[in-house]
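Listed here are the chains, written in short residue letters.
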Amino acid sequence: MSIFRNNPVLVFLFIAVVGFTIYMGMKMIEEIKLNKALNQKQRSMRIKTMRTAFKTRIAKLATATALPVVVLAVMFVAIEDAPTQIIQQRPLNLAAINSAEDVRNIINDYSDTFADNNHYNIFSWRGDFMLGDAEVMAPTNDALDLGGVADQLKSDNEGTGSDDFSETNNQVAGVDEMDNVLTDGKYMYVMNYDKVQIILAYTNEGSYDVLNIYKEFDFDQFQPENTEFYPIGMYVDEDQLIVIGNVYETTCVYYEYGDIITSDGVIEPAIETGEPSEIGDILTDEAMPNPDDMYCYNYYQSTTKAFVFDKDEDFALKDTYSFSGGFVGTRKIGDDLYFVTTEYIPYYLMREENKTVDYVFDLDEYLPTYTVNGQSATAKYEEIVYVKGTEPTSFTAFYGINLESSKTTMEVVLGEAGYNLYVSQDNIYLAGTVYEYDQTLAEKYSDEDYVYNEETFESPYSYYTSILKMTIDGGDVEFNSTGAVEGVNLDQFSMDEHNGFLRIITTTNNWWWWGGGNREVINRLSILDENMKLISEIDEGIGEPGESVFATRFAGNYGYVVTFLQTDPFYVLDLSDPYNPTILSELKIPGFSDYLQPINEDFILGIGYGDNEGGTQGLRISLYDVSDKNSPAVLADSWTYEYSNNGYMWTSTVYNHKDLLVSVDKGIIALPYTRNGYDETDNYWTYNTGILVLNIDIENGTLSDFGDEYMVEHSDGNSYDTYVYKSKFIDDYFYTVSSKYVKVSTIADPENILKTLQIGESWTYDMPEEVNPEAGVVDPVGTEIVCADGFTIDGDVCVEDVISVDNILIDFEHIKSWNEILTYIDGRYAVYFYSEVNADAVELQEQAFEFGLEQRIPSFFVNINDIEGDNVFDIGEVPYAIIVDAGAITSEASGIDAVMDFLLSIE
Amino acid sequence: MFKLKVSEKEHKVIKERLDLVETVVYDYVLTDDKEKCEDDKLNIVFNKADIPRLIRTLDLIVKGEDKNIVGFNEFGQKSVESRNFHYFIVDGDAVYGVLSKTKLIIKLKLYEIEEYLQGKDFIRVSKYCLVNIGKIEYIKPAINSKLDLLMKNGEQLEVNRGYYKDFKQALEI
């Protein structure tokens, strides 16, 4: 055991492994229990489940357990041989790759050690989990039709823009992140569904009066046939506008129509029956389906594309770049543009058992390729980097482009796919989670005679965060090193580079599911040096028991972490000595912040949800005072939109930090909001969306009081067709941008709209204008058209009856008196009384719901226990139903049988 | 829902054949002996030769009158039995109901769908997603104490922290 004495890190590892095994044992049990319960439940629903898969999965997973001793024995041997620790540092042992064969061997060797054939095994499962299915449906673009707008005359764009405008809310100063709404002081660039709109927003000469749509890009003109470009982000600087997006290739698979007439006479087109044709099928004239009877599905192919438009040439297209692989992220530093894509290698197709009859696995297909203005280049095997010991699941490609010369470099790493991208001025860090388990114990549990014993069950299952570091310089990308830390990292804000050191926060979870009690969670801060070697860490004290990290932000020598289970401990970490980080202080307040942003050295803004009674309640914006580093942080001020029965507010900022606008100079914070509420006077649900603006006074550390905030609304009435993007400022003017409008006001008075420009049309989920004239026609006798049930004649076509869901007025809380019941709305309606105590009544309620949906008269439901005040009518037996007309009960029924008949007979 | 009342030695065998789950609280009594009927329950007296027919009847009872949800796509309107939906999800301003390969736009809010389908084994897994328990293929606890649900149509969903308790309850754990 001298090893332990000499090597404290080894002790740490020992404890970590033991911790892991216990964790994995528990996880295993949890998984088994959950799926057993699922099985049981589905059986009681009389739904057949694929129990074979379940058994195999459990058996295989069960095999993936480890006796701590075995693992440790392996470790001792390994450690005695090599002084470097397995997890903490991965020596840069680069493998030589010269051909596809070398890559295949690497993959085979690795998978023989760790993986197995089961469909659900970690090796292949994780890949799907990270990168999604190849056959994702492309988003539908038909929601917004700007056909008319595109023809709009170009407005006069003379004039110079302002120098005072808001920029993208980037994580690192100088490292630009792509965004959907940008401004350069003159134009507002808006990514609106599938189009990019350039809006003249402000000139020094004309101020905001110039507001108009200047230009629009419809990317179909740049795309070859059968492909579609869907933008995902933009960059803009003095010279160019760059639009980045994904390219979808349209592949038509034909489905034939065959009408089905259902038992109640409704004629429905059979969309999903019929055999699809295969791509590559040669269709003879007879076999070719009638164009009216077919339609296409869009299949998504992983390609990322960037268009560069020259501002000096009135946004003429200058360069086009495209990259293969699934898009991971992008950054822009000055004139240098960087992209990261991942091409997941379906290694399991290389195994005999998994090969489909006609599929031939060709590794060349997965080599990253990029194209610049039509010229393509593919990665060469000799140039691919592989670090021995890493998991070879994908080709991750890093591209660097020098925008001036359009010179592009590519660096490809065969390794673990990452998904959290953090980029500093000098380096790209890509982090991802890697799972491992030990085959040796797998064998033990796969033995048929093995009897599962909950107590002795142990697992060698482990996971860690793997980090890939690439050095960037002037558009060049070069592999630097890889590192690994325990746990999982949350997002890009969990990493930060400072003076060459990488600080990263991760969370390890030991979840005890069934016994109640606390989850065991370890939140860890790790610091790695330039060579990605772990030099220090804090692995306790961050987070109360059971709490995991919800938000992190690093600022120079300090780190700020928010953990959450119920209260919201806000930790300040002192990172001034990278070899000795410490926890400075802790502040406890209810609720949690999902996103943190330092305003300046003394204040941090938090956006998240307040916690009033043990759950998350209400949107909350907090201002933390961290000026006194020797004392705990203080909550300087906060603004909360309380969650109530009548509504709640939500903001996209919690998952997209770029939607937040903070300006200390202008004294405002602005973010998009969506508010759902209930209007008690008129009894309907309300929906508002727009930009929320609060004043921030950094001198005094205050935010607007609740009630003093501004809400710049973009929704019209209760319609849902507006999607609010962002707010920006130019000079002293405040611009709010949504899918429908750009509105200008002043920063001092945001709600007072000076000018509105409509940039999008209203759209609703209307049925298509042309109804299939064949629909509903039962007996075309001469010129007379008879419509099937469920269809009504409209002119000379049969139009399907629209079932109005407005007829259901579902409201269980607000009916308190008989008076309300009898005067609920004007006109004729039905009221159905139920009591939860009476089981029959609850069951009948289901019928009543259906009745309400299918009938034409509005109906609502009242819980008998809610009614206060005098019983004007003696209800007697529940269920009870009445028809109310003009304040009087015109008919009624009491008791199950009567109500049943009643419901069926109402006209 | 069901209670099986047959002779003890046959109980296990018949229960397996019927693929039956007996519950403490039950509405139906299945028996081969009419003396064993219970007054306040719905009794089904069967002959052992009738077991295949009984199986079909039980299927019918449990699946019951399924509730229909009306959904829209670009081709028009369709009324679909709720058991065919894998899940309902809010995406932007729309609510989609996902069938095995296609999805339909539902003109209801998610909480309205949830209330309407009460008792039909749909469970909320997040603020934006309502899942059909019958369409879950496999449950996989993942990292960060998240639960991944692999659905029968190959898609994957996640159960949010805040909904764990209800999810467990729905599975009757």
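All figures in this text were calculated on a predicted structure; none of them were measured in a lab. (Residues numbered from 1 in each chain as written. Chains lettered and ligands numbered in written order. Predicted model: local features only at pLDDT ≥ 70, side-chain atom pairs only at ≥ 80, totals over all residues. Heavy atoms only, no water.)

Helix and strand counts for chain B come out as four helices and 13 strands. A sequence separation of at least 24 residues applies to 41% of the contacts in chain B between residues at least 6 apart. A total of about 8300 Å² of accessible surface is found on chain B, and carbon and sulfur atoms cover 48% of it. (Helix = DSSP H or I, 4+ residues; strand = E, 2+ residues; numbered from the N terminus. Contact = heavy atoms within 4.5 Å. Areas by Shrake-Rupley, 256 points an atom, 1.4 Å probe, with all protein chains shown as cover.)

A word on the overall build of chain A. Tallying secondary structure elements over chain A gives eleven helices and 50 strands in all. The proportion of buried residues among the 907 residues of chain A is 55%. In chain A, 60% of the contacts between residues at least 6 apart in sequence involve partners at least 24 apart. For chain A, the computed accessible surface area is about 39600 Å², with 47% contributed by carbon and sulfur atoms. (Buried < 20%, exposed > 50% of the residue type's maximum accessible area, 1.4 Å probe, protein only.)

All names here are of chain B. With five of five residues buried, strand 9 (residues 122-126) is to be regarded as a mostly interior element. Taken together, the four bridges between strand 9 and strand 10 (residues 129-132) define a ladder with antiparallel strand orientation. Pairing of Ser 126 across the sheet is with Cys 129, part of strand 10. Between the end of strand 9 and the start of strand 10, which pair antiparallel, lie two residues. (Pairing = 2+ DSSP bridges.)

All names here are of chain A. With mixed pairing, five strands are arranged side by side in an open sheet as 11-12-16-17-15. The open sheet has two edge strands, strand 11 (326-333) and strand 15 (385-386), and neither has a second partner. By the bridge criterion, seven bridges tie strand 11 to strand 12 (residues 336-344) in an arrangement that is antiparallel. Counterpart to Gly 329 in the pairing with strand 12 is Val 340.

Attention now moves to the nonpolar core. Considering soluble globular proteins, one finds that nonpolar side chains tend to be buried as a cluster. All names here are of chain A. Of all hydrophobic cores here, the largest spans 39 residues; its most connected members are Phe 570, Leu 596, Ile 621, Met 649 and Leu 692. When near neighbours in sequence (up to four residues on either side) are disregarded, Phe 570 contacts Tyr 560, Val 561, Val 562, Ser 585, Glu 586, Leu 587, Leu 596, Ile 604, Tyr 624, Val 626 and Ala 633. Formed by 35 residues, the second largest nonpolar core is a distinct cluster that contains Ala 95, Tyr 110, Ile 345 and Tyr 381. (Core = buried A, V, L, I, M, F, W, Y, C linked by side-chain atoms within 4.5 Å.)

A few words on the pattern of salt bridges. Note on pairing: side chains with opposite charge can pair once their charged atoms come close. All names here are of chain A. Counted under the stated rule, the structure contains 18 salt bridges over all chains. The salt bridge partner of Lys 407 is Asp 476, with a shortest N-O separation of 3.5 Å. Remark: Asp 476 occurs in strand 21 (residues 476-486) and Lys 407 occurs in strand 17 (residues 407-415); sequence separation between them is 69 residues. Residue classification places Asp 476 among the partly exposed residues on the basis of a relative accessible area of 36%. (Salt bridge = Lys/Arg side-chain N within 4 Å of Asp/Glu carboxyl O.)

What follows is about the sheet that holds strand 2 (residues 187-192) of chain A. Residues and elements named next belong to chain A. Here four strands make up an open sheet; going across it, the order is 1-2-3-4 and the pairing antiparallel. Among the strands making up the open sheet, the edge pair consists of strand 1 (181-183) and strand 4 (212-218). Adjacent strand axes in the sheet meet at a mean angle of 20° when their direction is disregarded. Bridge count between strand 3 (residues 195-200) and strand 4: six bridges; the pairing is antiparallel. Within strand 4, the residue paired with Lys 195 across the bridge is Asp 218. (Axes fitted to C-alpha atoms, helices over the stretch in contact; angles between N-to-C directions.)

Where burial is concerned, most of strand 12 of chain A is hidden: nine out of the nine residues are buried. Neither face of strand 12 of chain A is left uncovered, since the one carrying Asp336(A), Tyr338(A), Val340(A), Thr342(A) and Tyr344(A) and the one carrying Leu337(A), Phe339(A), Thr341(A) and Glu343(A) both have all their residues buried.

Here the focus is unusual backbone geometry. All names here are of chain A. Within the chain, Asn 499 stands out as a residue other than glycine whose phi angle is a positive 55°. Mapped onto the fold, Asn 499 is located in the loop between strand 22 (495-498) and strand 23 (501-510). On the accessibility criterion, Asn 499 (64% relative accessible area) is exposed. Here Met 532, not a glycine, exhibits a phi torsion of approximately 65°, which is positive.

Another aspect to go through is the confidence of the model for chain A. Residue and element names in this part refer to chain A. Per-residue pLDDT for chain A averages 73, and the proportion of residues at 70 or more is 63%. The low-confidence segment residues 115-154, where pLDDT is below 50, has 92 contacts with residues more than four positions distant or belonging to other chains. A low-confidence stretch, residues 253-289 (pLDDT under 50), is modelled with 69 contacts involving residues beyond four sequence positions or located in other chains. (pLDDT = per-residue confidence, 0-100.)

Time to look at the side chain of Glu177(A). Residues and elements named next belong to chain A. In this fold, Glu 177 is placed in the loop between helix 7 (147-150) and strand 1. Lacking a salt bridge, the buried Glu 177 has Lys 658 as its closest oppositely charged neighbour, with an N-O distance of 4.4 Å. Here the side chain of Glu 177 touches Gln 171 through a polar contact of 2.7 Å, landing on its backbone nitrogen. Within the structure, the side chain of Glu 177 is placed 3.2 Å from the side chain of Gln 492, a separation counted as a polar contact. Ignoring anything within four residues of it in the chain, the contact list for Glu 177 reads Thr 168, Asn 170, Gln 171, Tyr 235, Arg 331, Gln 492, His 657 and Lys 658. (Lys, Arg positive; Asp, Glu negative; His and termini not counted. Polar contact = N/O pair within 3.5 Å; in protein donor to acceptor, adjacent residues only side chain to side chain.)

Residues and elements named next belong to chain A. For the structure shown, the criterion picks out 26 aromatic pairs over all chains. Ring geometry for Tyr 202 versus Tyr 733: centroids 6.0 Å apart, planes at 40°, classification tilted. On the criterion of sequence distance, the pair formed by Tyr 202 in the loop between strand 3 and strand 4 and Tyr 733 in strand 41 (residues 733-738) is long-range, its members being 531 residues apart. Between Phe 217 and Phe 309, the aromatic rings sit 4.2 Å apart at their centres with planes inclined by 20°, giving stacked as the arrangement. (Phe/Tyr/Trp six-rings, centres within 6.5 Å; stacked < 30°, edge-to-face > 60°.)

Attention now goes to the side chain of Thr465(A). Residues and elements named next belong to chain A. Mapped onto the elements of the fold, Thr 465 is located in strand 20 (residues 462-473). We classify Thr 465 as buried; its relative accessible area is 0%. In this structure the side chain of Thr 465 is engaged in a polar contact, spanning 2.4 Å, whose partner is the backbone oxygen of Gly 487. Excluding residues that lie within four positions of it along the chain, Thr 465 makes contacts with Ala 431, Gly 432, Gly 483, Ala 484, Val 485, Gly 487, Val 488, Asn 489, Ile 504 and Thr 506.

Another aspect to go through is a negative patch on the surface. A grouping of Glu238(A), Asp239(A), Asp312(A), Glu313(A) and Glu404(A) is seen on the molecular surface, where their side chains present a negatively charged patch. Its relative accessible area of 62% is what places Asp312(A) among the exposed residues. (Patch = residues over 30% accessible without salt bridge, like charges linked within 9 Å, V, L, I, M, F, W, Y side chains within 5 Å. Charge placed at Lys NZ, Arg CZ, Asp CG, Glu CD.)

Turning our attention to the environment of Asp40(B). All names here are of chain B. In this structure, Asp 40 sits in the loop between strand 2 (28-31) and strand 3 (42-45). Under the relative-accessibility criterion, Asp 40 is labelled exposed at 63%. Separated by eleven residues in the primary sequence, Asp 40 and Val 29 have C-alpha atoms spaced 10.0 Å apart.

Residues and elements named next belong to chain B. In the predicted model, chain B carries a mean pLDDT of 83, and the fraction of residues at 70 or more is 95%. The weakest mean pLDDT in chain B belongs to strand 5 (residues 76-81) at 78; the strongest belongs to strand 10 at 92. Prediction confidence for the complex, expressed as pTM and ipTM, is 0.58 and 0.82 respectively.

The next point concerns the environment of Met24(A). Residues and elements named next belong to chain A. Along the chain, Met 24 falls in helix 2 (residues 8-44). The exposure class of Met 24 is buried, given its relative accessible area of 1%. Residues Met 24 and Asn 509, spaced 485 residues apart in sequence, show a C-alpha to C-alpha distance of 9.8 Å.

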